[in-house]
Every structure is written in C-alpha cells, then in structure tokens.
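If you want the building blocks of each chain, they are given just below.
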There are 2 protein chains.
Amino acid sequence: MIDDLIQKPAEWLRGEGPMSDIVISSRIRLARNVAGFPFLSRATDEQRCELTSILRSNIDGAATGGQWTYLDIEKLDELDRQILVERHLVSRNHAESKGSRGASVSKNERVSVMVNEEDHLRIQVLRSGLQLREIWEEINHIDDKLEDRIDFAFHPRYGYLTACPTNVGTGIRVSVMLHLPGLKLTGEIEKVFRAAKDMRLAVRGFFGEGTEATGDFFQISNQTTLGRTEEEIIDGFSRQVIPRIIEYENIERRKLLEGRVLALDDKIWRSYGVLKHCRTISSDETMLHLSHLRMGVNMGRIKILDLATVNELFLLTQPAHLQKFFGSRLNGEQRSEARADCIRRRLTES
Amino acid sequence: MIDDLIQKPAEWLRGEGPMSDIVISSRIRLARNVAGFPFLSRATDEQRCELTSILRSNIDGAATGGQWTYLDIEKLDELDRQILVERHLVSRNHAESKGSRGASVSKNERVSVMVNEEDHLRIQVLRSGLQLREIWEEINHIDDKLEDRIDFAFHPRYGYLTACPTNVGTGIRVSVMLHLPGLKLTGEIEKVFRAAKDMRLAVRGFFGEGTEATGDFFQISNQTTLGRTEEEIIDGFSRQVIPRIIEYENIERRKLLEGRVLALDDKIWRSYGVLKHCRTISSDETMLHLSHLRMGVNMGRIKILDLATVNELFLLTQPAHLQKFFGSRLNGEQRSEARADCIRRRLTES
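Fair warning: this is a prediction, and the values are worked out from it, not measured in the lab. (Residues numbered from 1 in each chain as written. Chains lettered and ligands numbered in written order. Predicted model: local features only at pLDDT ≥ 70, side-chain atom pairs only at ≥ 80, totals over all residues. Heavy atoms only, no water.)

Undergrad: Sorry if this is basic, but what is going on with the overall build of chain A here?
TA: Scanning chain A for helices and strands turns up 13 helices and 10 strands. A compact globule built from 350 residues would reach a C-alpha radius of gyration of about 20 Å, and chain A, at 21 Å, matches this within 12%. Taking the principal axes of the C-alpha coordinates as reference, chain A spans close to 65 × 45 × 30 Å. Residues counted as buried form 55% of the 350 residues belonging to chain A. When contacts within chain A are restricted to residue pairs at least 6 apart in sequence, those whose partners lie at least 24 apart make up 70%. For chain A, the computed accessible surface area is about 15,000 Å², with 46% contributed by carbon and sulfur atoms. (Helix = DSSP H or I, 4+ residues; strand = E, 2+ residues; numbered from the N terminus. Rg over C-alpha atoms; globule rule 2.2 N^0.38 Å. Buried < 20%, exposed > 50% of the residue type's maximum accessible area, 1.4 Å probe, protein only. Contact = heavy atoms within 4.5 Å. Areas by Shrake-Rupley, 256 points an atom, 1.4 Å probe, with all protein chains shown as cover.)

Undergrad: Before we go on, may I ask you to explain the nonpolar core in this structure?
TA: For soluble globular proteins, the rule of thumb is that nonpolar side chains tend to be buried together. Counting 66 residues, the largest nonpolar core has W12(A) and W12(B) as its most contacted members. Elements with a contribution of two residues or more to this core: α9 (261-277), α10 (283-298), α11 (307-316) and α13 (332-349) of chain A together with α9 (261-277), α10 (283-298), α11 (307-316) and α13 (332-349) of chain B. Residue contacts for W12(A): discarding those within four places in its chain leaves I24(A), S25(A), E86(A), R87(A), H88(A), L126(A), S128(A), M177(A), F206(A) and L315(A). Counting 48 residues, the second-largest nonpolar core is a separate cluster that includes A62(A), Y70(A), I150(A) and I245(A). (Core = buried A, V, L, I, M, F, W, Y, C linked by side-chain atoms within 4.5 Å.)

Undergrad: Would you mind showing me how to read the pattern of salt bridges here?
TA: All chains considered together, the criterion is met by 46 salt bridges over all chains. With a closest N to O distance of 3.7 Å, K75(B) and D72(B) form a salt bridge. Several salt bridges share partner residues, and in doing so they unite E117(A), E118(A), D119(A) and R122(A) into one network. (Salt bridge = Lys/Arg side-chain N within 4 Å of Asp/Glu carboxyl O.)

Undergrad: I tried to follow the sheet that holds strand β1 (residues 23-32) of chain B on my own but got confused; where do I start?
TA: Across a sheet, paired strands are connected by hydrogen bonds in the backbone, their directions being either parallel or antiparallel. Residue and element names in this part refer to chain B. Strand order in this open sheet of eight strands is β2-β3-β4-β5-β1-β8-β10-β9, and the pairing throughout is antiparallel. Whereas interior strands pair on both sides, the edge strands pair on one side only; in this sheet they are β2 (68-72) and β9 (201-204). Neighbour-to-neighbour, the strand axes of the sheet open up by a mean angle of 20°, direction not taken into account. Relative to strand β5 (residues 121-128), β1 runs antiparallel, the two sharing eight bridges. Across the sheet, residue R27 finds its bridge partner in β5, namely L126. Against the sheet, helix α2 (residues 45-59) touches β2, β3 (102-106), β4 (111-115) and β5, its axis set at about 160° to β4. Together, β9 and β10 (217-222) form the strand contacts of helix α7 (residues 189-198), whose direction differs from that of β9 by roughly 140°. (Pairing = 2+ DSSP bridges. Axes fitted to C-alpha atoms, helices over the stretch in contact; angles between N-to-C directions.)

Undergrad: Got a minute to help me understand the side chain of S112(A) in this structure?
TA: Residues and elements named next belong to chain A. Secondary-structure assignment places S112 in strand β4 (residues 111-115). The exposure class assigned to S112 is buried, which follows from its relative accessible area of 0%. There is a polar contact of 2.6 Å between the side chain of S112 and the backbone oxygen of L89. Setting aside chain neighbours within four positions, we find S112 in contact with L89, A103, S104, V105, R122, I123 and Q124. (Polar contact = N/O pair within 3.5 Å; in protein donor to acceptor, adjacent residues only side chain to side chain.)

Undergrad: Please clarify how the packing of aromatic side chains should be interpreted in this entry.
TA: Two descriptors summarise a pair of aromatic rings, namely the distance from one centre to the other and the angle between the planes of the rings. For the coordinates displayed, the defined rule picks out 12 aromatic pairs over all chains. Seen in terms of ring centroids, W269(B) and Y272(B) are 5.5 Å apart; in terms of plane orientation they differ by 75°. Their pairing is edge-to-face. Here the residue W269(B) and the residue Y272(B) both occupy positions in helix α9, the gap between them amounting to three residues, near one helical turn. Both residues of the pair, W269(B) and Y272(B), count as buried. For the ring pair F325(B) and F326(B), a centre distance of 5.2 Å and an interplane angle of 75° mean the geometry is edge-to-face. Accessibility expressed as a relative area gives 42% for F325(B), which makes it partly exposed. Ring-pair connections join several aromatic residues into one group, and the members of that group are F152(A), F154(A) and Y160(A). The side chain of R32(A) reaches across the aromatic face of Y160(A), ending 3.6 Å from its centre. (Phe/Tyr/Trp six-rings, centres within 6.5 Å; stacked < 30°, edge-to-face > 60°. Lys NZ or Arg CZ within 6 Å of the ring centre and 35° of its normal.)

Undergrad: How do you make sense of the packing of helix α3 (residues 78-86) of chain B against helix α12 (residues 319-326) of chain B when you look at a structure like this?
TA: What describes two packed helices is the angle between their axes and the distance between those same axes. Residues and elements named next belong to chain B. Two elements in contact, α3 and α12, have axes separated by 8 Å at closest approach and are oriented at 125°. In terms of their interaxial angle, α3 and α12 are classed as oblique. α12 is crossed by α3, and the crossing has left-handed handedness. The residues of α12 that touch α3, namely those facing L79, D80, Q82, I83 and E86, are P319, A320, H321, Q323 and K324. (Parallel < 35°, antiparallel > 145°, perpendicular 65-115°, else oblique. Left-handed = near helix turned anticlockwise from the far one by under 90°.)

Undergrad: Would you mind showing me how to read the relation of the copies chain A and chain B here?
TA: Copy one and copy two of the chain differ by a rotation about a common axis and a shift along it. When chain A is fitted to chain B, the residual RMSD is 0.1 Å, and the transformation amounts to a turn of 180° plus an axial shift of 0.1 Å. As the rotation angle and translation indicate, the two copies are arranged about a two-fold axis. Judged by C-alpha distance, G273(A) is the residue of chain A that lies nearest the rotation axis, at 2.0 Å. (Least-squares fit on C-alpha atoms with pLDDT ≥ 70 in both.)

Undergrad: Is there a simple way to think about the interface of chain A and chain B in this case?
TA: Taken together, the 15 residues of chain A in the interface contact 15 residues of chain B. Of the roughly 1,500 Å² buried between chain A and chain B on both sides combined, carbon and sulfur atoms contribute 62%. Counting across the chain A and chain B interface gives two salt bridges. Across the pair R270(A) and E285(B) runs a salt bridge whose closest N-O atoms are separated by 2.8 Å. At the boundary of chain A and chain B, one finds eight residue pairs in polar contact (both at pLDDT 80 or more). Element by element, the count of residues in the side of chain A that touches chain B is highest for α9(A), at nine residues. Class assignment of the residues belonging to the side of chain A that touches chain B gives a composition of six nonpolar, three polar and six charged. (Buried area = accessible area lost by both parts, 1.4 Å probe. Nonpolar A, V, L, I, M, F, W, Y, C, P; charged D, E, K, R; others polar.)

Undergrad: Would you take a moment to explain the sheet that holds strand β5 (residues 121-128) of chain A for this structure?
TA: Residues and elements named next belong to chain A. Sheet architecture is open: eight strands sit in the order β2-β3-β4-β5-β1-β8-β10-β9, paired in antiparallel fashion. Strands at the two margins of the open sheet, each flanked by one partner only, are β2 (68-72) and β9 (201-204). Along the sheet, successive strands turn relative to each other by an average axial angle of 20°, direction set aside. Across the face of the sheet, helix α8 (residues 230-259) comes into contact with β1 (23-32), β8 (172-179), β9 and β10 (217-222) while running at roughly 10° to β8.

Undergrad: Would you mind showing me how to read the domain arrangement of chain A here?
TA: You'll often see interface size given as the accessible area lost when the parts meet. Residues and elements named next belong to chain A. Annotation of chain A at the domain level lists domain 1 (2-252) and domain 2 (261-349). Distance from the C-alpha centre of domain 1 to the C-alpha centre of domain 2: 27 Å. Opposite the 26 residues of domain 1 that make contact, domain 2 presents 19 residues. Of the roughly 1,900 Å² buried at the junction of domain 1 and domain 2 (both faces included), carbon and sulfur atoms supply 67%. The three residues of domain 1 that bury the most area against domain 2 are L13, L79 and E86, which together make up 29% of that side's buried surface. Here domain 1 and domain 2 share two salt bridges between them. One salt bridge in this structure joins D3 and K324, with 3.3 Å as the shortest N-O distance. Summed over the shared surface of domain 1 and domain 2, the result is 12 residue pairs in polar contact (both at pLDDT 80 or more). Among the secondary structure elements, those contributing two or more residues to the side of domain 1 that touches domain 2 are α1 (2-5), α3 (78-86) and α6 (181-186). (Domains from an automatic or database assignment.)

As structure tokens, then:
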C-alpha cells in the first residue's frame, strides 16, 4: 500500500481544483466516539483493541472514492508511518502515539478514517483547491453511513461528545491550506493573522497542528465547534474568510507586479538557482524556495517549470519520501545531501 | 585610449604568472619628487601645471612594455577616470582629486606613471601572479631612465624625500593581492592578519588603500620604507611572507577537500546558481560569489567554467566598466540590474 502511494502525487498537492493558485487544499474532519466505551485516555489496552476491531469491521461499509485500505498503524515501521503524515493521511500524533490504532485510506487519498487517534474515530476528507462544499457532502455521507452501523456518543444538549472539550458539539474542524507569498513579501500577512484571531480562527504551518506558521504556507481552521451548525462554519469559510484572503493576496501580487517586479523576479530566480545548484539543503530552506517557485509559476514569471514539478518536489523532499526514494535510511546530514540531489535531478529533467 | 582598454582584460586580472591560483597580482610603486619644487600640498596652481608639463615631456623616454599613452586625468570625465581605478592603473585619490594631473600608461597596462598624485611622480608596475623580482627589474629600469632626465629630491642621509613621511627613504611600496577563500572559510585568516601586523605589513581590500579587507581578497603591503634596501623588502615578500601565506592557504584548501567537501561544493555551486539566475545584485555580493567560483575553478570543483570568464566578470561587474558595457549612465539600482544581466549573459555563453 505505502509503496503504491509514493508512486503518485498526494491528493493535497495535486494542484487542481478551484483557486488552486492560492488554495493548496481544503480539509474537513469529524471527531466521533463510540457510545459505551471510555475516551482513549482512560481506556484499557483491551478496550482499545476491542474498539479497533469493532471500528475496522464497520468502516468499509462507508467507503466512497474507491476502495478503502485499512492500515494497522501499530504494525507499520516508522518510515511508513512518516510517509502517511507527509501525505496528510494521518496526523503526526496518530503516527507517533502507541497502542492499537489504524487508518482506513481511500485509493484516491481523499478520505482517511483514523481509528484510536485522540478520539475513537477521526473522519477526514481532503481535496486540493477550495472544495469545502464538495468535501462536506462527501464527509456527511460517510458520517451517515458510519452512524448507521455504530452508536456514537451523543448528548441531546451538547451534541457529539469528544475527548477534548474544544471539539464537543459538531466535532468538526474545517481547515484550508493557503499559499500566501504575496502577503508575506509585502508584510501584510500580519493583518491576516490579526483578523483571523478576531474571528477565533487558528493559523498554523504546513503540517497543521503543532507546526509554526513560518514560510509562506498557512493552514487556517475553525476553533469553535459549539453553537454553530456545520453548514454555518463551512459557509463562513467558503463564502467569506477564504475569498477575502484570496482577494487580499491577489491585491498584493498585483502590487508586486506593478511596483516591484525586479525584486520579485530576483527572489523567484535566486530560489531557482539555489535549488538547481545546491549540494546540501535543509527541509525548511527547500520549502522557502519551492514557495517562491510556486509563486513564480502561478504568476507567470517563470515558464521553464510547471506546477506539477514544483508540487512533486514539495512531497519528494520530505524526510520519509526522500528515504523511500533513495531506498535507504538516512541521517539528517545525508538527507540534506539527498534532498539537494533529488531536486537537482528533477529540475534538470524538467 | 579608454575605449581600447575595456576591450581586453586588465593586466592585474589576467590570471597568469606564478602562483596565480592564489596570487592575483603583484605591484611595486615608487614615490619621487622633483628637486626645486615644493610638495603638491604647498604648490601653487602654476607650479602644478609646470610640473605636469616638465614630467609629461620626460616620461616617454623611460618607456618599457610598448608605447606609453599619456592621459590628462583632469580632462577625463568621471566614468573614464573610474575605469582607470577599476583597472588599477591610477589610485582612487588620483582619480578623485583636483587640478592638473595625469598618468602615462603602457599598452600592456603593466606600467602606470602618475603625475601629481600625492607625490610629483608615482611610478607603478603591476603584473598578474607573483612576479615581484621581474617587476623590480622593470621599475628599477624605468626609475633609472627617469632619473637620467629629472633631478629627484634626494637627501644623502634620508634618501628620497616624499610628501608623506611614511614613504621617505626608498619611496617603495610593495603590494601583493591574494585570494584566500580557504583561510576565510576555516576562520584561520585572523592568524594571517595578526602575523602581518607583527611584521608591520598592512592588509587591505580589493581596491587597496582606503578599502576594507572584507571578502576573500587581501592586499598585503609593506609599511616601512626606511632603513632597509628595496631588495631586502622585495626578498622578504617573495621568499618569506607570500610563500608562507600561500602554503597556509593550500593547507586549509586541502582540509576543506578532505573533511568538508560537501559544504565546499555547496558553497561554490550555490554561488554559481545565484550568479547565473539572479535579476539584481550588488557589487559586494558579486565579489563574494565570484570569489567562490574562482576557488571552485582553481580547486577543480567546477569544470563548466574557466578562470578567464571569472576574471573577466570581476572587471565587467565594476560600476564604471558596467556603464561602459551598457553604453549609458546608470544609478545604483540600475547598475545592480545591469550587473545581474551582464553576469547571466556571460555565464550562459560559457
């Protein structure tokens, strides 16, 4: 399964879908727990195994997006678990925790149902570009199908009960990953941060929770799950928050094209020069330069590259993908050398 | 004359001669004043003009290295004067001062005799690589020929009298321009600075007096001119000071090749990538990257370039050469863009 995955681009980096020059991907996840079982923090190993067994056998019936494959995360080696994290199919916490746990992943990598993450079930649907309405329809369907078979812990007044109180209610988290190099370059990004804070939205980095909003990639997600319906939350994102940020980013990009095109081109082409010729490079520096290339391609400033190549490099240069690509375990220094090597090969071919 | 000059590489950047992987160029200059005339700081405009006239008519008789051309520095425009500075044919002070003054320059650009610089006469001979003995022979011959025709101010006890007391005696200054990227990278360059200070040698930057020893290029010169013969000073440089620094630089380069070859290659190739793709670049940054390329070519780490191209770029990217190349006056920002353009063209051709 894992070896099949790495042969193709991850869904979230496909670079397709509406607004995909600025919106990398959209994601919704629902938190659910099985009635009659304690939350995982208080569950025994036996209860945990029992949950895995019950959930695994009931998940397949909800399949959308082609066949789902159940992965026993506990039995995967560290590298394979890391591959799943880099493809945004499981959370870092899920990969790194202990005990019986798994994930059912659809063939097209849009759906992942995590078993025994923080909650008994975490249903996630992910698509490239801005597709929250479509995702909502799909995840709603999956949730219904699961609920036909499983009795979820639900309180008539509070809604779905979850391990962490911040998820109680709808149990929904809506996230959109944005590429905002224009706002970053002109320094206006701080205003977006402040506005997001005022709207009680969280801003995180490339790998979601626990990663800092450095670089030019920002994941924006809701923090409140109580007191508003799922549709209200999704509509807020789809019709207001995200379109406004996109418009703002486009204004800044136009400003750069009008008044600072030389500095813009310089930044883009220097990044190309470094990526094409360096002999060792960290993951962070790679992300920064790839961000500039992505901006350059999307703004029509660099034509010798296509978006698919840039997106492929985002994934190929991640530690686990890199080690799979080279077929061996590498320490940090070796990875930096392998990363430079991999980028150079790919840019020379393109 | 100036337009002829810029068609070919400057002597000091020819990249030929002994030890030219580390020694960029060697230079000797002699300070002389005409007896019966006051030093320039106290000379009237009339005396200054009279000196120019007397010296100009007597200089040609000392010609070596092909025909000499006399340039009336006062009448040259600022750009042409700057070209002479960038080619190390006249000092920055000489270019920027006022009043009647000139320079007689040999066709091969090895000899320049400045009239009314700080002293009435400054005779300079310059060659690429480590060639102090050869330079000494040539400059000694020129000095003798001039002394046949001109009565120099000379004191039986103190020697040649000069405007600045630091030049009294032999009036000699011996300078060697070194490229020491190895010592710079390993941090050992500080020890060279300390040793030079102990030996009462001055360490300066790429453009000599008044420029800081930043980057990887260092001009080392004597500070004392009294109490030692010219031969002793030159021998000290040729047989002791410079060979020791060269050996030290070679040791550091070997260390880099043995223990840090990846970091070394990374530095060299990143510089290549930036120079080849940037769209705007300052003079200082250009020097830094060209230094890495020069090291890369000389150490056999980069083979798609030759030393002649790198040397040509050192000169072409200087402000005045750049403006001559593009045929128009450029402000700082325009120069940075033109510089990037010029480098990109040259590296794409090579």
